[in-house]
Structures are given as structure tokens and as C-alpha cells.
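Close look at the chain arrangement
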Amino acid sequence: MQKLLNIVLVITSLCSLIGCSDDEVNSPTVSFRRPYYILSTTGDLSVEVRLSEPTSRDLVVNFTLGGTGEEGVDYTLSASEFLIPAGQDSSIITLSPMNTINEGREVSLYLQEVEGYDFGMYRQTMIPIEQQEPFTTSFFSSDYNLYEESEIAIKLFIGTSEYTSPSYDITVPFDIDPASTAELGVHYEIVGGEKQFLYKKDDLMGRVRLRFLKKEAGKDKIVLRLVEDDRFLISTSNNKANINIDGPIDFENLVGTWRFSGFSSESHVRKMATMFGDTEGLQKLPQGDMSDVLVFTTESGKNIIRTNQLVSDLKNYFIDEAEVSVLDIVENQLYELDEWSLHRSVLQTELSKVNLNFSDKNMKESEAEVDFRLLNEGNTLEIRIVQYEPVDFLQEVYSYYSDPNYSGDVNFDKNLPMKGNYTLSFQFSRERN
């Protein structure tokens with residue numbers, strides 16, 4: 001900041017040397033409002049030109065750029081000229097900071113001749129650019145699965161503060177780590193072809209998409225590694241992402257016996273319901289049991305789920321021998337991982353019958369959407385219950401979100417009001433014979 005103040009003092013001194021004058025003139029004048037501004041690292045800057053009196057016609061005031069700052073690298077301009085409408089006496093253009101990590105950068109704007117006008121106090125304005133600390137990069141999550149396409153994401157930090165919603169697009173480079181067994185261009189490809197994350201203007205994270213090409217035994221691991229340069233430091237932890245190439249999955253990938261291992265969304269559901277105020281509705285939140293077993297099998301040409309070995313609350317939702325119809329591989333937001341803006345691939349299915357009321361006392365049998373994810377190289381199955389109408393728990397939450405007058409946000413699905421923050425996700429481990 002001291003360096004910026006020194007620059008300002010120099011600029012103020014120079015003002016008297018470039019024709020700044022208070023002398024009266026007969027012609028109207030045009031002038032910058034100030035001889036200097038400072039472009040901060042965090043916000044846009046408005047630069048104003050003013051006339052000594054309103055103009056009787058639309059007036060264009062041109063300027064030339066100078067200084068060590070580079071347009072499109074250090075900053076962007078909202079316009080290449082000032083346009084003052086008839087009847088007005090001023091106009092503004094906006095400078096937006098970009099990669100302001102270079103020391104000693106500044107911008108100068110110098111007014112060009114305007115027919116019928118003399119120059120007022122400030123024909124030139126100087127704009128020192130505040131220097132920004134380098135970004136520190138970190139993967140949003142370190143583990144991913146690649147079915148058909150997968151979105152990999154990073155976060156940026158300035159110091160210890162997370163950097164979000166940039167005012168410009170940022171590209172962040174990465175490398176393929178030698179620990180990868182999959183071959184780029186053979187087993188997978190980078191959508192767009194560039195080894196870089198794109199952190200779009202106003203987004204919450206930088207993203208890159210990978211696309212499945214081929215599954216081959218022993219060549220199903222991708223490891224992405226962040227790299228360091230003048231703009232980006234790498235985090236000492238979470239600087240690599242491991243992606244398992246599963247390839248497109250179908251019912252056959254679910255076939256087998258699975259034993260309950262955990263309620264993966266419980267803490268998130270409890271947190272959201274507590275924030276909502278439905279603490280009473282949490283008292284009977286359904287639980288699994290380590291004795292719970294699910295079996296996926298094909299019988300008489302039908303894909304079914306056997307649930308007769310469930311002993312926990314899960315038996316109040318699943319109905320034995322329900323038929324499983326695979327719909328598609330889709331991308332969902334997995335709120336319980338605190339990755340609500342990062343999409344993950346899930347296998348979307350429809351079960352021919354469940355008890356939507358999720359109750360041992362009330363029965364509302366219906367078909368329903370149930371989603372699945374395969375994790376841990378196919379050894380962990382995550383069952384995501386997104387469609388249910390609870391009567392024993394989360395009653396206030398369900399009543400609120402299922403109200404026809406509730407509009408929701410951009411991602412809200414009126415047909416699945418409990419999907420998202422109240423998805424019930426249970427994990428099962430594959431049983432080996």
C-alpha cells in the first residue's frame with residue numbers, strides 16, 4: 001500500500017506539469033473527475049469524465065491507454081470510449097481487475113481532442129493496480145468416478161480465504177501424474193482438450209470434464225496433479241485427484257449381495273433439518289443395521305431387488321422382489337458432501353414398488369425413483385432414496401417442500417421435494433463368496 005501512496009504523490013505532482021489549470025476559458029471543457037484512482041484486487045472501478053456544462057448532443061470522448069498494465073491480462077475495460085448523452089454532463093466506464101499479481105502495474109487514460117471543447121483540470125488520469133497475492137489451488141475433492149463423463153473441480157484461496165465468484169474467467173493448469181495407469185486419448189479424454197481448469201466468472205469453483213473412452217483391466221486409474229507457476233501456488237495437501245474409470249454402469253454392476261455399512265447423509269440431513277427447525281422430526285430418522293442385506297439378481301428375465309433380509313427401518317421403505325428398471329446415468333448434486341455445486345454421476349433407476357411413507361404403520365405403495373452410485377472400485381454401493389413421503393419423521397420439512405405454492409430454487413424438483421438436502425443415502429459393502 002505504501003508503494004501505491006508513493007505513486008499517487010508522484011501523479012499529483014505530475015498534474016501541474018501536464019497542463020492542469022484553473023484559468024477561465026471561453027469554451028466548455030472536458031476533464032477526468034480525478035487525476036488518479038486505485039484499482040483494487042476485489043472490485044470494479046468506475047472512472048468518470050465530466051463536462052463543464054451539459055452537452056446539447058450525444059458526445060463521444062475518446063482516450064488512449066498507457067501504463068505498464070496490460071488490458072486483458074491485468075484488467076478489462078467496459079468500453080473503449082466515453083459516451084455522454086445529450087442533456088448530460090458526465091459518463092463512466094468500468095475497469096475490472098484480472099490477474100493482479102504483478103508488482104508495480106498501472107494504467108493511464110489520456111483524453112483525445114474533442115471538437116468544440118477545451119481540456120479542464122485533468123486531461124489524464126493514472127490508475128495504480130493493487131497487487132494481489134498469488135492464488136493457492138486445491139482440489140475440491142480428491143476422489144472421483146468416471147462412468148460416462150465426470151466433472152473434476154478445484155478451489156482457489158488467497159491467503160487463508162477461499163476465493164469465489166471471480167469477476168473474470170480464470171484458467172488453472174494441471175498435469176497428468178505418472179501414477180496414472182489410464183492413457184489419455186485411449187481410455188479417456190479431456191473435454192475441450194486443454195489441461196486446465198476453467199474457473200468461470202461468478203462461479204464457485206474451477207472445473208474440467210473428463211469423458212470415458214475405453215475400460216481396460218489394469219489401466220483404469222487417472223491421477224490429476226496441480227502445478228505451480230507465477231500465478232498459482234499448490235496446496236501441500238489435496239493437490240492430487242484420483243479418478244477411477246468405471247465406464248458406463250448398468251444393472252449387472254449391481255448384481256450380488258450387499259451388506260449395510262453406513263448412513264452417509266445422516267449428518268447433513270440432521271444439520272439441515274435442525275436449521276429448518278424440524279428437530280422433532282429427526283427423532284425417528286430411519287436407521288440401518290449392520291445385519292441388513294440386499295441382493296440384486298435377475299429372475300425369470302426380470303431385474304429385481306431382494307429385501308427380505310433387511311432388519312432395520314429400511315424394511316419400511318423397500319418391498320421385496322421389486323423390479324428394478326434402469327433409466328439413465330445422470331448428474332446430480334450431492335448436497336451431503338458439501339459439494340452442492342459439484343455434479344456427480346449416479347445411476348438413475350425406478351423401483352416398481354416401495355412404501356413411499358417409509359413407515360411400519362402406514363403404507364403407500366408406489367413405484368419410485370431410487371439412485372445408485374458405485375464407489376471404491378465397485379466394492380461400495382450407495383443407495384440414494386430421493387423419493388419418499390414421510391409420516392413418521394421430517395413431517396414439517398416434507399409439508400413445507402411439498403406445498404404446491406413452494407417455488408423452490410433453480411434445482412428444485414416439485415415431483416421429488418425431498419431430493420437434495422434431504423436425500424437419504426445409505427452405503428452397502430459387496431459380500432464376497
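Our subject is the structure listed above.
First things first, this report covers the structure right here in the doc. In this convention, every chain numbers its residues from 1, walking through the sequence in written order. With pLDDT at 70 or above as the cut-off, local features in this predicted model cover only qualifying residues; side-chain atom pairs require 80 or more to be listed or tallied, and sums for whole chains, interfaces and linings still use all residues. Working from all heavy atoms in the structure, the side-chain values ignore hydrogens and water.

1. Considering the overall build of the protein
Heads up, the condition is: By the criteria applied, helices consist of DSSP H or I runs no shorter than four residues and strands consist of E runs no shorter than two, each listed in order from the N terminus. As defined in this context, the radius of gyration uses C-alpha atoms, and a globule is described by 2.2 Å times the residue total to the power 0.38. Any residue under 20% of the maximum accessible area for its type is buried, any over 50% is exposed, and the rest in between are partly exposed; the area is computed with a 1.4 Å probe on protein chains only. Any pair of residues with heavy atoms lying within 4.5 Å of one another is described as a contacting pair. Only the protein chains shown count as cover for residues, and the accessible areas themselves come from Shrake-Rupley with a 1.4 Å probe.
When helices and strands are counted, the protein shows three helices and 28 strands. Rg of the C-alpha trace for the protein: 30 Å, well past the compact-globule value of 22 Å for 433 residues, more than 25% over. Split into buried and exposed, the 433 residues of the protein put 46% on the buried side. In the protein, the proportion of contacts linking residues at least 24 apart, taken out of those at least 6 apart, comes to 67%. Carbon and sulfur atoms provide 44% of the accessible area of the protein, an area that totals close to 21,000 Å².

2. Digging into the nonpolar core
Quick reminder of the rule: Grouping buried Ala, Val, Leu, Ile, Met, Phe, Trp, Tyr and Cys residues that are joined through side-chain atoms within 4.5 Å yields what is termed a nonpolar core.
Formed by 46 residues in total, the largest nonpolar core has its most connected members in Tyr388, Leu394 and Tyr422. Of all the elements, strand E26 (residues 365–375) adds the most residues to this core, at four residues. Not counting the four nearest positions on each side in its chain, Tyr388 is found in contact with Tyr317, Leu356, Phe358, Phe393, Leu394, Tyr398, Met418, Tyr422 and Leu424.

3. Some details on the sheet that holds strand E5 (residues 81–84)
Strand pairing in a sheet relies on backbone hydrogen bonds, with the paired strands running either antiparallel or parallel. Selection criterion: At least two DSSP bridges between two strands are required for those strands to pair. A fitted line through C-alpha atoms serves as each axis, taken over the contacting stretch for helices, and the angle formed by two N-to-C directions is quoted from 0 to 180°.
Taken in spatial order, the four strands line up as E5-E3-E7-E9 in an open sheet, and their pairing is antiparallel. Pairing within the sheet leaves two strands with one partner each, and these edge strands are E5 and strand E9 (124–128). The average undirected angle you get between the axes of adjacent strands in this sheet is 25°.

4. Some points on the environment of Ser267
By secondary structure assignment, the location of Ser267 is in helix H2 (residues 266–276). Along the primary structure Ser267 and Met205 are separated by 62 residues, whereas in three dimensions their C-alpha atoms are 24 Å apart.

5. Quick word on the packing of aromatic side chains
Selection criterion: For this analysis, a ring pair means two rings from Phe, Tyr or Trp (six-membered ring only for Trp) whose centres lie within 6.5 Å, classed as stacked if their planes differ by under 30 degrees, edge-to-face if by over 60, and tilted for the remaining angles. As a reminder, the over-ring test applies to NZ of lysine and CZ of arginine, requiring each to be within 6 Å of the ring centre and within 35 degrees of the ring normal.
Going through the model one piece at a time under the given rule, you end up with 22 aromatic pairs. Seen in terms of ring centroids, Phe32 and Phe82 are 6.1 Å apart; in terms of plane orientation they differ by 75°. Their pairing is edge-to-face. On the criterion of sequence distance, the pair formed by Phe32 in strand E1 (residues 29–32) and Phe82 in strand E5 is long-range, its members being 50 residues apart. On the accessibility criterion, Phe82 (0% relative accessible area) is buried. Geometrically, the ring pair formed by Phe276 and Tyr401 is tilted, given 6.1 Å between the ring centres and 35° between the ring planes. Pair noted here: Phe276 is in helix H2 and Tyr401 is in helix H3 (residues 395–401), with a separation of 125 residues, a long-range link. Judged by its relative accessible area of 18%, Tyr401 is buried. If you follow Arg34 out to its NZ or CZ, it ends over the ring of Tyr36, 5.1 Å from the centre.

Function cannot be read off these values alone, since they describe shape.
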